Amino acid sequence: MRNKGLSKREFLDRVREYLPGETGVFETNGAENLPGQISLEQIEENTFFLFDSEALLAFSHAIEDFALEEASGSLLATMQSWEQFEPHRERYWQLAATLQEVEIIAAGKFPRRNGFLKFCNDAKKLVKQFWMVLYQSDEIQVMFLCEQANDAKKFGEKQFIGFYTFNPRIITQAREDMAESLGGRCPELQQFAQSRKIDRAAKHLKVEFGREKKAMEIATQKLQSQEEKYQPKHFLADLEKILERLNRLQTHLPELIVEPQKQK
């Protein structure tokens, strides 16, 4: 499939229609501490963020909107329970009447059936921690995929770690992983786990590079100020330490980003 080029701005503008106030989206670093709430413009594709329940629904509804406008293709949504589906029943009936295929995955008691809408019961709660809205057509491919990050029971108090993407390969693989997980052939969503590992590594590298850049700037300033106690030999010694730390970082890089072997 090709992607007509759904842009970050176009997508986030649609998300903004459902988030008129604060975003409810927080940046995470390698340790997943929360520096604070961020604006929509800072939310990059294929990068993990923390979403509250309102932000989660805003990103989901934006994808649903694009699907309704395209009126073609397929949509797959994973919710944690059928209770979460109930507030969106009519919207998904409309999607099912418009698209070639719409499937909902959730756990619990089945809702009332509709002739166009496909239901898949996650009876063993194999993907109960995840929330996904995935849309694929000849023109647009977009996915929002998250995992619950706290222990809240009430939906309004839940937080989710996840990302959005327009990448066809990632989207297709996530769909396949979901099917394998429901079939008990895969204990986790491999694409999600790998994407999260890469995200953590990238953020870790960004922090480390920033620290070494700062150390280099300080050493250069000392040398330029011609401090009596800071001679060129001291600068070279500091530079060697910086290079040693970067070399150690390079040595550990494979374990940060290596893709786990998919279980058979």
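A quick note: this is a predicted structure, and the numbers were derived from the prediction, not measured.

Peer 1: When you look at the confidence of the model for the protein chain in this model, what are you seeing that I'm missing?
Peer 2: Close reading of the predicted structure is inappropriate where its pLDDT is low. Confidence in the prediction for the protein chain averages 85 pLDDT; 88% of positions are at 70 or higher. Here helix H7 (residues 232–257) stands out as the element of the protein chain with the lowest mean pLDDT, 75, in contrast to helix H2 (residues 53–70), whose mean of 97 is the highest. Confidence over residues 260–264 falls short of pLDDT 50; this stretch has eleven contacts with residues more than four positions distant or in other chains.

Peer 1: In this structure, what is going on with the packing of aromatic side chains? I would like to understand it.
Peer 2: Aromatic ring pairs are described here by two measures, namely the spacing of the ring centres and the angle between the planes. In total, this model carries 18 aromatic pairs according to the counting rule given. The interplanar angle of 90 degrees and the centroid separation of 5.7 Å between the aromatic rings of phenylalanine 11 and phenylalanine 166 together place this pair among those described as edge-to-face. Taken together, the residues phenylalanine 11 in helix H1 (residues 8–16) and phenylalanine 166 in the loop between strand S8 (159–165) and helix H5 (168–182) connect sequence positions 155 residues apart. Take phenylalanine 11 and phenylalanine 166: they sit in the same class, and that class is buried. Ring pairing ties together the aromatic residues Phe11, Phe51, Phe59, Phe66, Phe144, Tyr164 and Phe166, which thus form one cluster. Just above the ring of phenylalanine 66 sits the side chain of arginine 14; from NZ or CZ to the centre is 4.7 Å.

Peer 1: What's the story with the pattern of salt bridges in this structure? I'm lost.
Peer 2: The tally for this structure, following the rule as stated, stands at twelve salt bridges. The shortest N-O distance in the salt bridge between glutamate 41 and arginine 16 comes to 2.4 Å. Residue glutamate 41 is found in the loop between strand S1 (25–27) and strand S2 (49–52), and its partner arginine 16 is found in helix H1; the two are separated by 25 residues along the sequence. According to the relative accessible area criterion, arginine 16 is partly exposed, its value standing at 30%.

Peer 1: Where do I start with the nonpolar core in this structure?
Peer 2: Side chains that are nonpolar tend, in soluble globular proteins, to be buried together. Of all hydrophobic cores here, the largest spans 45 residues; its most connected members are Phe11, Phe59, Leu75 and Tyr92. With ten residues, the top contributor of residues to this core is H2. Beyond its immediate sequence surroundings of up to four residues, leucine 75 is in contact with Glu64, Ala67, Tyr92, Leu95, Leu99, Glu101, Val102, Glu103, Val133, Leu134 and Tyr135. Core analysis: the second largest hydrophobic core is formed by 18 residues, Phe48, Leu134, Met143 and Ile161 among them.

Peer 1: Just to check I follow, could you spell out the pairing of strand S4 (residues 101–107) for this structure?
Peer 2: Successive residues of a regular strand alternate their side chains across the two faces of the sheet. Extensive coverage of S4 is indicated by the burial of five of its seven residues. Relative to S4, strand S3 (residues 74–81) runs parallel, the two being bridged by six bridges. What sits directly across from leucine 76, in S4, is glutamate 103. Relative to strand S5 (residues 117–121), S4 runs parallel, the two sharing five bridges. Bridge pairing in S5 places isoleucine 104 opposite phenylalanine 119.

Peer 1: How should the environment of phenylalanine 192 be read in this particular structure?
Peer 2: Along the chain, the position of phenylalanine 192 falls in helix H6 (residues 190–224). Excluding anything up to four places from it in sequence, phenylalanine 192 contacts Phe48, Phe130, Leu145, Cys146, Glu147, Ile161, Gly162 and Phe163.

Peer 1: What should I look at first to understand the layout of surface pockets in this one?
Peer 2: Vacant regions in the atomic arrangement are exposed by a probe of water-molecule size rolled over the atoms. Here the second largest pocket defines a volume of roughly 360 Å³. In terms of lining residues, the second largest pocket is bounded by 15 residues, among which Gln80, Gln129, Gln148, Lys153 and Lys158 are the most central. Residues that form the lining of the second largest pocket fall into these classes: three nonpolar, six polar and six charged.

Scoring rules and cut-offs
- Residues numbered from 1 in each chain as written.
- Predicted model: local features only at pLDDT ≥ 70, side-chain atom pairs only at ≥ 80, totals over all residues.
- Heavy atoms only, no water.
- pLDDT = per-residue confidence, 0-100.
- Helix = DSSP H or I, 4+ residues; strand = E, 2+ residues; numbered from the N terminus.
- Contact = heavy atoms within 4.5 Å.
- Phe/Tyr/Trp six-rings, centres within 6.5 Å; stacked < 30°, edge-to-face > 60°.
- Buried < 20%, exposed > 50% of the residue type's maximum accessible area, 1.4 Å probe, protein only.
- Lys NZ or Arg CZ within 6 Å of the ring centre and 35° of its normal.
- Salt bridge = Lys/Arg side-chain N within 4 Å of Asp/Glu carboxyl O.
- Core = buried A, V, L, I, M, F, W, Y, C linked by side-chain atoms within 4.5 Å.
- Pairing = 2+ DSSP bridges.
- 1 Å grid on protein atoms, 1.4 Å probe; cavity = no way out; pocket = protein on both sides within 12 Å on 5 of 7 lines; lining within 4 Å.
- Points joined across faces, edges and corners; volume = space filled by probe spheres on them.
- Nonpolar A, V, L, I, M, F, W, Y, C, P; charged D, E, K, R; others polar.

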